[in-house]
Amino acid sequence: MTDYDIQGPARVCAATGRELKPGDRFFAVLTESAGKLVRTDVAAEAWTEPPQSAVAYWAGKVPVAGHKPRKAVVNDDLLLDCFDRLKDSADPDGLNFRYVATLLLMRRKRFKFEDAARDADGRDVLIVRDARGGAIHHVVDPRLNDEQIVAVQTEVFRVLGWE
């Protein structure tokens, strides 16, 4: 088992060196380096695509000062239920949803990153462990493009009542 301490937003674009200001859209990328997950932020206008070595990436927006976003109440069990129901899904939407749910469960420390591998079909797979029950899950990385990431995030947030 490996625990990762991932730094928060850098507020500086790794591609241009420009400060990311409130309201700016950006992409965050996680890569593995020397056994650690490293976060890099890139301004939306400088973003082209995730590096081949990306473990995960997502879109974000720098919060506006003084603006308190509504704190979402996250039901980990509901998210885990959605994740489990999509276990055997071969549907692209199901694979995408399950992958984003995995990232959310990792962020909430319900899942622990164990490894990344390739399956028999040559697809990239995240291997995660349920921190409570110890179950190991293999999750296909669908290699979503920018538009798909936004669409899947929106759908996950809608299902979870975060909209």
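Residues numbered from 1 in each chain as written. Predicted model: local features only at pLDDT ≥ 70, side-chain atom pairs only at ≥ 80, totals over all residues. Heavy atoms only, no water.

A short note on the pattern of salt bridges
- Counted according to the given criterion, the structure contains 15 salt bridges.
- Residue Glu19 is joined to Lys21 by a salt bridge in which the shortest nitrogen-to-oxygen separation is 3.8 Å.
- For Glu19, a relative accessible area of 47% gives the class partly exposed.
- Relative accessible area serves as the criterion here: at 45%, Lys21 is assigned to the partly exposed category.
- In this structure, Asp81 engages Arg85 in a salt bridge whose closest nitrogen and oxygen atoms are separated by 3.1 Å. (Salt bridge = Lys/Arg side-chain N within 4 Å of Asp/Glu carboxyl O. Buried < 20%, exposed > 50% of the residue type's maximum accessible area, 1.4 Å probe, protein only.)

Some thoughts on helix 1 (residues 76-85)
- Buried within helix 1 we find Asp76, Leu79, Leu80, Cys82 and Phe83. For helix 1, the arc enclosing every buried residue in end-on projection is 155 degrees, short of the 170-degree limit, so these residues lie on one face. (Helix = DSSP H or I, 4+ residues; strand = E, 2+ residues; numbered from the N terminus. Arc of directions from axis to C-beta.)

A closer look at the environment of Val128
- With respect to the helices and strands, Val128 occurs in strand 5 (residues 124-130).
- Remark: the alpha-carbon pair of Val128 and Thr102, spanning 26 residues in sequence, is separated by 8.3 Å.
- The contacts of Val128, once residues within four sequence positions are left out, are Thr102, Met106, Phe111, Lys112, Phe113, Glu114, Ala135, Ile136, His137 and Val139. (Contact = heavy atoms within 4.5 Å.)

Structural notes on the packing of aromatic side chains
- With the rule as written, the count across this model stands at three aromatic pairs.
- Their ring planes at 15 degrees and their centres at 4.5 Å tell us that Phe27 and Trp47 sit as a pair that is stacked. Here Phe27 is found in strand 1 (residues 25-33), whereas its partner Trp47 is found in the loop between strand 2 (36-43) and strand 3 (54-61), with 20 residues between them in sequence. For the pair formed by Phe27 and Trp47, the shared burial category is buried. (Phe/Tyr/Trp six-rings, centres within 6.5 Å; stacked < 30°, edge-to-face > 60°.)

Observations regarding the confidence of the model for the protein
- In the predicted model, the protein carries a mean pLDDT of 82, and the fraction of residues at 70 or more is 85%.
- Here helix 3 (residues 146-159) is the element of the protein with the lowest mean pLDDT, 73, and strand 6 (residues 136-140) is the one with the highest, 95. (pLDDT = per-residue confidence, 0-100.)

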